[in-house]
Amino acid sequence: MTSHRPIRIWDLPLRLFHWALVLCVVGLVVSAQIGGNAMVWHFRFGYAVISLLLFRLLWGLLGGHWSRFSSFLYAPSQLLRYLRGRRDFATDSGHSPLGALSVFAMLIALVLQVSTGLFSDDEISAAGPLTALVSNKIVSTATFYHSAIGKKIILALILLHLVAIGYYSWVKRQALVRAMITGDKVLDPETPASQDTLKTRLLALGLLASCGAIVAILLWVVRPT
Ligand code: HEM
């Protein structure tokens, strides 16, 4: 039997993306709860999340092996096999078929939440930067989704995420959280590792800076005159 060894699964950019996203989402929830002057921070965290999501989209195409969407786009038959208890190196290394579903759900819910935030208006003190570009009907629909629906979907997905991570950590004894911190999982040495070199990290930094710059430029272009 081959002895297992640490394999790089989550490259550093993916891990930093994850923990930055956690910080920003917590910041968004807290600033929305406080309201008033804290809404300035709600907007800043929102712009940071848009930049992070844009980066994740690019990193899903250009990142390390297990960060790429292609490594966790499973066919329904693979999901069924997984649910029946069949495992292979792909399902045990990166996101499992079930984990992948929750990752895509979380990313899509966050995209919807930040997009509708741009068009939302609480009619008291805070209006998204794109509200002036669309009709009142679109603003009220976006505001309703952003504050009454999307928020609950995201909180439910985060709760599910934490329960699933807790289950796999404590019941199944899989060191998922450690892997999201160190990047490594102890696996069969044949498992392909994610590239995580100075070059790939610099590429990620360049991509993230570009995403931030694109968001800043777009906001500057649409600023009220
Ligand atoms: C605001 C809260 C959180 C959000 C929005 C969030 C979001 C995400 C997302 C989007 C991914 C997929 C990463 C990717 O491939 O892009 C992920 C994975 C992961 N998250 Fe979180 N996360 C949150 C909190 C946490 C916390 C508190 C922990 C640890 C205690 C955690 C542990 C993990 C782990 C271990 C994975 C990898 C799961 C796997 O192996 O498939 N997350 N999270």
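Owing to the predicted nature of the structure, the values given are computational and were not obtained by experimental measurement. (Residues numbered from 1 in each chain as written. Predicted model: local features only at pLDDT ≥ 70, side-chain atom pairs only at ≥ 80, totals over all residues.)

Engineer: For the overall build of the chain, give the residues involved together with the corresponding values.
Structural biologist: Regarding its fold elements, the chain presents eight helices and two strands. Listing the helices and strands of the chain from first to last along the sequence gives β-α-α-α-α-α-α-α-β-α. Based on the C-alpha atoms only, the size of the chain along its principal axes is roughly 70 × 40 × 30 Å. Burial status across the chain gives 27% buried among its 225 residues. Taking all contacts inside the chain whose residues are at least 6 apart in sequence as the whole, residues at least 24 apart take part in 70%. (Helix = DSSP H or I, 4+ residues; strand = E, 2+ residues; numbered from the N terminus. Buried ≥ 20, exposed ≤ 12 C-beta atoms within 10 Å, placed from the backbone. Contact = placed C-beta atoms within 7 Å.)

Engineer: Explain unusual backbone geometry to me, and be specific about the residues and the numbers.
Structural biologist: Of note, Arg173 is a non-glycine position whose phi angle comes to about 55°, a positive value. Topologically, Arg173 is positioned in the loop between α6 (136-171) and α7 (176-182).

Engineer: I'd like a rundown of the environment of Ala156, residues and numbers included.
Structural biologist: Here Ala156 is to be found in helix α6. Ala156 sits in the exposed class, given 12 other C-beta atoms within 10 Å. Taking C-alpha positions, Ala156 is 24 Å from Arg178, a pair spaced 22 residues apart along the chain.

Engineer: Got a sec to walk through the site of the ligand? Specific residues and values, please.
Structural biologist: With respect to spatial proximity, 19 residues lie near the ligand, and among them Val25, His95, Gly99, Leu176 and Met180 are the closest. Listed by contribution, the elements that provide at least two residues to the shell around the ligand are α1 (12-34), α5 (97-118), α6 and α7. A total of six residues in the shell around the ligand trace back to one element, the largest contributor, which is α1. The class makeup of the residues in the shell around the ligand is 14 nonpolar, four polar and one charged. (Near = placed C-beta within 6 Å. Nonpolar A, V, L, I, M, F, W, Y, C, P; charged D, E, K, R; others polar.)

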